[in-house]
Every structure is written in structure tokens, then in C-alpha cells.
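An overview of the molecular structure
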Amino acid sequence: MKPNIHPEYHEINIIMTDGTAYTTRSCYGKSGDTLRLDIDPKSHPAWTGQHRVMDTGGQVAKFNKRFASIGARTK
């Protein structure tokens, strides 16, 4: 590897949304810095499988009501 072109790789602390913490190596910040996560695999719906139910019928009706006059021509 070429010298002096790679970022420093050091240990940092990660704190998950539920308060659990662990140490890993990263280029983030300085050695010993703490990274607090807002979204992690324990809380995000993409990993937990708990998706919110969307009111698609209500959204379609709202869209149709809002844009009903667009495209309608009167002679």
C-alpha cells in the first residue's frame, strides 16, 4: 500500500438505540469517539419486519380530490 494516503483506522464506541454498546474499528472521528445510532437493525422496520400499515385508499381519495380539476377541459 502507498504510505500516507489511507485514513487512520482506530477503535470507536457504538451505542445502539436501545442503549447497548460495543467497540469496533472505523475511520470515523478520533480514537475513542462515540457514535450514537438513531436507526439500527433492532429498531428499523426493514430489519424487524414490522411495517406500518398505510391507508392507501384514503391517500388515493385525497389525491383525486386535490387534483380533480387538472386535465379536465371545459369548452
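Up top you'll find the structure we're talking about.
Heads up: these notes are all about the structure in this document.

Calculation rules
- Residues numbered from 1 in each chain as written.
- Predicted model: local features only at pLDDT ≥ 70, side-chain atom pairs only at ≥ 80, totals over all residues.
- Heavy atoms only, no water.
- Helix = DSSP H or I, 4+ residues; strand = E, 2+ residues; numbered from the N terminus.
- Buried < 20%, exposed > 50% of the residue type's maximum accessible area, 1.4 Å probe, protein only.
- Contact = heavy atoms within 4.5 Å.
- Phe/Tyr/Trp six-rings, centres within 6.5 Å; stacked < 30°, edge-to-face > 60°.
- Polar contact = N/O pair within 3.5 Å; in protein donor to acceptor, adjacent residues only side chain to side chain.

Observations concerning the side chain of His10
By the secondary structure assignment, His10 is in strand β1 (residues 10-15). For His10, a relative accessible area of 5% gives the class buried. Residues contacting His10, with those up to four places away along its chain left out, are Thr24, Arg25, Ser26, Cys27, Tyr28, Gly29, Lys30 and Ser31.

What to know about the packing of aromatic side chains
Counted under the stated rule, the structure contains one aromatic pair. With centroids separated by 4.9 Å and ring planes inclined at 45°, the aromatic side chains of Phe63 and Phe67 adopt a geometry described as tilted. Since its relative accessible area comes to 34%, Phe67 is described here as partly exposed.

Some details on the environment of Thr48
Among the structural elements, Thr48 can be located in helix α1 (residues 45-48). Excluding residues within four positions of it along the chain, Thr48 makes contact with Pro41, Lys42 and Ser43.

Regarding the environment of Glu8
Mapped onto the secondary structure, Glu8 falls in the segment before β1. Distance in space between the C-alpha atoms of Glu8 and Lys30 is 8.5 Å, their sequence separation being 22 residues. If near-sequence neighbours (up to four positions away) are discounted, Glu8 is found in contact with Ser26 and Cys27.

A look at the side chain of Ser26
One can find Ser26 in strand β2 (residues 21-26). At a separation of 3.0 Å, a polar atom in the side chain of Ser26 contacts the main-chain amide nitrogen of Tyr28. Ignoring any residue separated from it by four or fewer positions in sequence, one finds Ser26 in contact with Glu8, Tyr9, His10 and Ile12.

Here's the deal with the environment of Lys30
Following the sequence through the fold, Lys30 ends up in the loop between β2 and β3 (34-36). As a C-alpha pair, Lys30 and Ile12 span 18 residues in sequence and 7.6 Å in three-dimensional space.

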